[in-house]
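So you can see what is in the structure, the chains are spelled out below.
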Amino acid sequence: MWDIEYTDEFEDWWSGLNEAEQIDIVASVGLLEALGVNLRYPHSSGVNGSKHPHMRELRIQH
């Protein structure tokens, strides 16, 4: 399992979502937690120019 971190900004955004949106995001984060950098498109994509190697952008399917 991979460690998933989130920011206070994410938490503020999260609290404004409805239940259906939160369910879809939890499913995507679960995939990310299980697969990490191996999670591929359409669920994630690489972040170009990041100072962190293998940084991925989570792409929520909602």
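A few points on the structure. (Residues numbered from 1 in each chain as written. Predicted model: local features only at pLDDT ≥ 70, side-chain atom pairs only at ≥ 80, totals over all residues. Heavy atoms only, no water.)

So, the side chain of serine 45
So, step 1. Its location among the elements puts serine 45 in strand β1 (residues 44-46).
So, step 2. Residue serine 45 is classed as buried on the basis of its relative accessible area of 17%.
So, step 3. Those residues within four positions of serine 45 in sequence are excluded, and the remaining contacts are Met55, Arg56, Glu57 and Arg59. (Helix = DSSP H or I, 4+ residues; strand = E, 2+ residues; numbered from the N terminus. Buried < 20%, exposed > 50% of the residue type's maximum accessible area, 1.4 Å probe, protein only. Contact = heavy atoms within 4.5 Å.)

Description of unusual backbone geometry
So, step 1. Cis peptide bonds are those with omega within 30 degrees of zero, and the linkage from tyrosine 41 to proline 42 qualifies with 15°.
So, step 2. Position of proline 42 among the secondary structure elements: in the loop between α2 (19-35) and β1.

Digging into a negative patch on the surface
So, step 1. The grouping of Asp8, Glu9, Glu11 and Asp12 at the surface amounts to a negative patch.
So, step 2. Checked against the element boundaries, aspartate 12 lands in helix α1 (residues 8-15). (Patch = residues over 30% accessible without salt bridge, like charges linked within 9 Å, V, L, I, M, F, W, Y side chains within 5 Å. Areas by Shrake-Rupley, 256 points an atom, 1.4 Å probe, with all protein chains shown as cover. Salt bridge = Lys/Arg side-chain N within 4 Å of Asp/Glu carboxyl O. Lys, Arg positive; Asp, Glu negative; His and termini not counted. Charge placed at Lys NZ, Arg CZ, Asp CG, Glu CD.)

Things to note about α2
So, step 1. Given a rise of 1.5 Å per residue, 17 residues ought to cover 24 Å, and the 24 Å separating the end C-alpha atoms of α2 matches this to within 8%.
So, step 2. Among the residues making up α2, those that are buried are Ile25, Ser28 and Leu32. For α2, the angular spread of the buried residues around the axis is 65°, confining them to a single face. Every exposed residue of α2 that faces more than 90 degrees away from the buried side is listed here: Glu19 and Ile23.
So, step 3. For α2, the secondary structure elements touched by its buried residues are α1 and β2 (56-58). (Expected span 1.5 Å × (residues − 1). Arc of directions from axis to C-beta.)

Let's talk about the packing of aromatic side chains
So, step 1. Evaluated as defined, the whole model comprises three aromatic pairs.
So, step 2. On the basis of an interplanar angle of 55° and a centroid distance of 5.5 Å, the ring pair of tyrosine 6 and phenylalanine 10 is categorised as tilted.
So, step 3. Using a relative accessible area of 28% as the deciding quantity, one classes phenylalanine 10 as partly exposed. (Phe/Tyr/Trp six-rings, centres within 6.5 Å; stacked < 30°, edge-to-face > 60°.)

Comments concerning the environment of alanine 20
So, step 1. When you line up the elements, alanine 20 lands in helix α2.
So, step 2. Sequence spacing of alanine 20 and histidine 62 is 42 residues, and the spatial spacing of their C-alpha atoms is 8.5 Å.

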